[in-house]
Amino acid sequence: MSFYNTANFNDWQSVASITPLSSNDDLQNLGSLGNWDGALDLATGQLLQSDATTSASSPPRFQTNASDKAASLQQYRAEQAKHHINHFSGKISVSTTFHPNAQLGQPGQLPDIILQSVDGVLFHVHYDVLNQISDNGFGNFLQEPSPIAFNQSSQGLNIILHAIYDIPAAKFHHPINLLIDTVDSLTSYGVHPSRLVHRNSSLFQLLYLHAPQHPMELYMLAGAHRLEELAIMVSAHLLSFPLDRLSDEMVDRMGALFLKRLVFLHLDRIKALKAILSQPPPPHGCGDDPQRAWALAAASVANDAMAGMSPQMLVSSMKRSAGDMRCTHCQENTQRSLGIAAMKWANVKATI
Ligand SMILES: [Zn+2]
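About the thresholds
- Residues numbered from 1 in each chain as written.
- Predicted model: local features only at pLDDT ≥ 70, side-chain atom pairs only at ≥ 80, totals over all residues.
- Helix = DSSP H or I, 4+ residues; strand = E, 2+ residues; numbered from the N terminus.
- Buried ≥ 20, exposed ≤ 12 C-beta atoms within 10 Å, placed from the backbone.
- Contact = placed C-beta atoms within 7 Å.
- Pairing = 2+ DSSP bridges.
- Core = buried A, V, L, I, M, F, W, Y, C linked by C-beta atoms within 7 Å.
- Domains from an automatic or database assignment.
- Axes fitted to C-alpha atoms, helices over the stretch in contact; angles between N-to-C directions.
- Parallel < 35°, antiparallel > 145°, perpendicular 65-115°, else oblique.
- Left-handed = near helix turned anticlockwise from the far one by under 90°.
- Nonpolar A, V, L, I, M, F, W, Y, C, P; charged D, E, K, R; others polar.

The protein goes by BTB domain-containing protein in an unreviewed UniProt entry, where it is assigned to Cylindrobasidium torrendii FP15055 ss-10.

The following block contains the structure:
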């Protein structure tokens, strides 16, 4: 429980504790409450007990002679999942997003299997949803009887399931390392990360939140799994990354193709900057020499040119050239040329 009480996880809305129930009738009643959040408050079980009397004579819900085989199978798994939950002793924790009555799959299709994280949190999910997105029966875990002891922490499993069901999960404020490790682990469950990380998917949004602070980690992740859209969007945050700080390990992880694209992004932008700065203001014939002043400033800027220089930085660096002139006409021309240069620079391609 201390795991959920830490300050960092005050927003961990999807996990709550419930007291295990003692009979199938109680479980049926729990389902019949129709409000899982309310059910979670019933740790004492008092309300459940009073409800139990009302449905003690309910017929078994599982129909062995159901004509629809798929529906029958789904129902069977749901019953099995409910049966197994009875065998837990002591307190158990259940995801409040992936709970027994969650309406997350096809309309009317309740979860039919349970995944249990290594730290004991239960996630109620749909066999078909997991099976469809995986090439290997979700790392062969789907072969096992429910509840399935899964090899992920509740945090990791929470990320994976939100991604598969495409449910926004930004409220959990996942640390970047956890997100990256979790995405890396997807291949072991037969799920290629590109199936879950694409523009506007919940996992994409989750990762991209970290782009301003951790662009290189995300770029390496994108390169490692060929996540094209993530790599493109994250690359805009790498314009000021010093390429001489790339280690062998970083290059290895992102791969040759994405290294090349990043290097060329920097080179192409610096080339474009130099081309923009090669267009000085027009000559005037007065005592000032705006073209020479421009050339001197441009040489200085180009010397320590950075792909990530902002248009504002470009203007302030170049302004020296305007300061030395007395002719107002030449000052205005230089100002105009600076404005044009800044506009052109702002429009230079800023992503791979
Ligand atoms: Zn002049």
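Asker: In this structure, what is going on with unusual backbone geometry? I would like to understand it.
Answerer: The general pattern is negative phi for most residues beyond glycine and trans for most peptide bonds. Along the chain, Ser-146 connects to Pro-147 via a cis peptide bond; the corresponding omega equals 5°. Here Asn-140, not a glycine, exhibits a phi torsion of approximately 65°, which is positive. Relative to the helices and strands, Asn-140 resides in the loop between helix H6 (127-133) and strand E5 (148-149).

Asker: Just to check I follow, could you spell out helix H11 (residues 228-235) for this structure?
Answerer: An α-helical segment advances 3.6 residues per turn. Residues three or four places apart therefore align on the same side. All buried positions along H11 are accounted for by Leu-230, Ala-231, Met-233, Val-234 and Ser-235. As for H11, its buried residues are in contact with helix H9 (202-208), helix H10 (215-225) and helix H12 (248-277).

Asker: Would you take a moment to explain the pairing of strand E3 (residues 113-116) for this structure?
Answerer: Because side chains alternate across E3, one face comprises the buried residues Ile-113 and Leu-115, and the other comprises Ile-114 and Gln-116, equally buried. Inspection of the sheet shows E3 paired to strand E4 (residues 121-125) by four bridges, in the antiparallel sense. Pairing of Ile-114 across the sheet is with His-124, part of E4. Where E3 hands over to E4, the hairpin turn is made up of four residues, of which Gly-120 adopts a positive phi near 90°.

Asker: Is there a simple way to think about the pairing of E4 in this case?
Answerer: Remark: a regular strand shows side chains that alternate across the two faces of the sheet. Counting buried positions along E4 yields five of five residues, so the element is predominantly enclosed. Both faces of E4 are covered, namely the face carrying Val-121, Phe-123 and Val-125 and the face carrying Leu-122 and His-124. Bridging between strand E2 (residues 92-95) and E4 involves two bridges; their strand directions are parallel. Its bridge partner being in E4, Val-94 is matched across the sheet by Leu-122.

Asker: For this particular structure, what's the right way to read the nonpolar core?
Answerer: Ranked by size, the top nonpolar core spans 49 residues in total, and within it Phe-123, Val-125, Tyr-219, Ala-222, Leu-230, Ala-231 and Val-234 carry the most contacts. Broken down by element, this core gets its largest block of residues, six residues, from helix H7 (residues 154-164). Two domains share this core, each providing at least three of its residues, namely domain 1 (2-172) and domain 2 (252-346). Other than its neighbours up to four places away in sequence, Ala-231 contacts Tyr-219, Ala-222, Gly-223, Phe-258 and Ile-352. Leu-273, Leu-277, Val-301 and Cys-330 belong to the second largest nonpolar core, which has 14 residues in total.

Asker: What exactly am I supposed to notice about the packing of helix H14 (residues 311-318) against helix H16 (residues 328-346) here?
Answerer: What describes two packed helices is the angle between their axes and the distance between those same axes. For the pair H14 and H16, the least separation of the axes is 9 Å and the interaxial angle reads 150°. In this view, H14 runs roughly antiparallel relative to H16, as classed from their interaxial angle. Helix-helix and strand crossings are classified by hand; for H14 and H16 the assignment is right-handed. Taken together, the residues of H16 that come into contact with H14 (itself represented by Pro-311, Leu-314, Val-315 and Met-318) are Leu-338, Ala-341, Ala-342, Trp-345 and Ala-346. Class assignment of the residues belonging to the contact of H14 with H16 gives a composition of nine nonpolar, no polar and no charged.

Asker: Explain the environment of His-192 here, please?
Answerer: One can find His-192 in the loop between helix H8 (176-185) and H9. On the basis of neighbour counts, which here come to 15 C-beta atoms within 10 Å, the residue His-192 falls in the partly exposed class. Along the sequence, His-192 and Leu-227 sit 35 residues apart, while their C-alpha atoms lie 10.0 Å from each other.

Asker: Before we go on, may I ask you to explain the environment of Met-216 in this structure?
Answerer: Within the secondary structure, Met-216 sits in helix H10. The exposure class assigned to Met-216 is partly exposed, which follows from the 17 C-beta atoms found within 10 Å. Put simply, Met-216 and Ser-235 are 19 residues apart on the chain and 8.3 Å apart in space, counted from C-alpha to C-alpha. Dropping the residues within four chain positions of it, Met-216 is found in contact with Leu-238, Phe-241 and Met-250.

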